[in-house]
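Each chain is listed here by its residues.
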Amino acid sequence: MKIITTVNELRAHLAHFKRPAFVPTMGNLHDGHLALVRQAKPLGDVLVASIFVNRLQFLPHEDFDTYPRTWAADCQALADAGCDVLFAPSESELYPQPQGYKVQPPVALADLLEGHFRPGFFIGVCTVVMKLFACVQPRVAVFGQKDYQQLMVIKGMVQQFALPIEVVAGRTLRAADGLALSSRNNYLSATERAEAVHLSGTLQQMAQALKNGSSDIAALEQQALDSLTKRGWQPDYLVVRRRLDLQPPSASEVADLVQQQGLVVLGAARLGATRLIDNLEV
Ligand code: PAF
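First things first, this report covers the structure right here in the doc. (Residues numbered from 1 in each chain as written. Predicted model: local features only at pLDDT ≥ 70, side-chain atom pairs only at ≥ 80, totals over all residues. Heavy atoms only, no water.)

## Some points on empty space enclosed by the protein
For step 1, the next point in the chain: Counted according to the given criterion, the structure contains one cavity of 30 Å³ or more.
For step 2, the next point in the chain: Taken as a whole, the largest cavity spans an internal volume of roughly 30 Å³.
For step 3, the next point in the chain: What lines the largest cavity is Lys-146, Leu-179, Ala-180, Ser-182, Asn-185, Leu-199, Leu-276, Ile-277 and Asp-278.
For step 4, the next point in the chain: Tallied by class, the residues present in the lining of the largest cavity amount to five nonpolar, two polar and two charged. (1 Å grid on protein atoms, 1.4 Å probe; cavity = no way out; pocket = protein on both sides within 12 Å on 5 of 7 lines; lining within 4 Å. Points joined across faces, edges and corners; volume = space filled by probe spheres on them. Nonpolar A, V, L, I, M, F, W, Y, C, P; charged D, E, K, R; others polar.)

Now the structure itself:
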């Protein structure tokens, strides 16, 4: 695996390839990331991964400074997973001046759910992804479905800017008990780790209730909030949304949408100091 830290060297190296496949990451890699690399590998003629902890997508009180940097283990894991090129620019390489130009995704998609609780998050994500796309110039890029809204926002950005990139959804990898793999799981204490399964468990119950014919979305969401809160969580949201636009379904369309597999349940909740997110398509 070739490690490249500058945009010029990356461009020179990738000039020899026709169809780079790309997996952007912020490092602290787990099996979920490596599954994205394995999924992306056969989709291109060279597999590029990036590691860049993007300051622009962290709020001032969030974990930018303490976000785990696990460079040696990440390099080894990427090489073992078949990564050909690791692009790992410094902050001054990717943002040589303060980044004045930013990508503003549409409010209707980006200011709800994650964007509501983390204002400006998707501006930071879109801006860095646009910049990484400009550096790597991939033909295909894989983004994890665990970050469901992020995947939708990136797909929309690629479509509206007519970028010649196919965005592919990477399936969510789960631990044996159902917890979605995430870099932030490393923050959990042993007790919290045992409790953490209840986020996916609650989403599963919501999904099952919908499949069983429940159409009172407000009651379903309230039950889910109450149940996690009673267990000591601080939920940001536990909601049922349309897959198409992440808007709430009306009561009259719930049954049809369940039939057409058109719904998704999404949740974000804090367990102690750790914020976890997850989702399940229904
Ligand atoms: O999902 C992530 O790890 C980040 O949001 C991404 C896409 C690498 C942009 O910094």
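## Structural notes on the site of the ligand
For step 1, the next point in the chain: Contacts to the ligand come from Pro-24, Thr-25, Met-26, Asn-54, Gln-57, Val-128, Phe-143, Asp-147 and Gln-150.
For step 2, the next point in the chain: In the model, an oxygen atom of the ligand is placed 2.7 Å from a nitrogen or oxygen of the Gln-57 side chain.
For step 3, the next point in the chain: Gln-150 places a side-chain nitrogen or oxygen 2.8 Å from an oxygen atom of the ligand.
For step 4, the next point in the chain: For the ligand, whose accessible area on its own is 290 Å², the fraction buried by protein is 88%.
For step 5, the next point in the chain: Tallied by class, the residues present in the shell around the ligand amount to four nonpolar, four polar and one charged. (Near = heavy atom within 4 Å. Polar contact = N/O pair within 3.5 Å; in protein donor to acceptor, adjacent residues only side chain to side chain. Areas by Shrake-Rupley, 256 points an atom, 1.4 Å probe, with all protein chains shown as cover.)

## Some remarks on the pairing of strand β5 (residues 140-144)
For step 1, the next point in the chain: Counting buried positions along β5 yields five of five residues, so the element is predominantly enclosed.
For step 2, the next point in the chain: Burial along β5 is two-sided: the residues Val-140, Val-142 and Gly-144 and Ala-141 and Phe-143 are all buried.
For step 3, the next point in the chain: Looking at chain direction, strand β2 (residues 20-25) and β5 are connected through two bridges and run parallel. Paired with Ala-21 across the strands is Val-140, a residue of β5.
For step 4, the next point in the chain: Judged from the five bridges that link them, β5 and strand β6 (residues 166-170) form a sheet pairing that is parallel. The residue of β6 that forms the bridge with Ala-141 is Val-167. (Buried < 20%, exposed > 50% of the residue type's maximum accessible area, 1.4 Å probe, protein only. Helix = DSSP H or I, 4+ residues; strand = E, 2+ residues; numbered from the N terminus. Pairing = 2+ DSSP bridges.)

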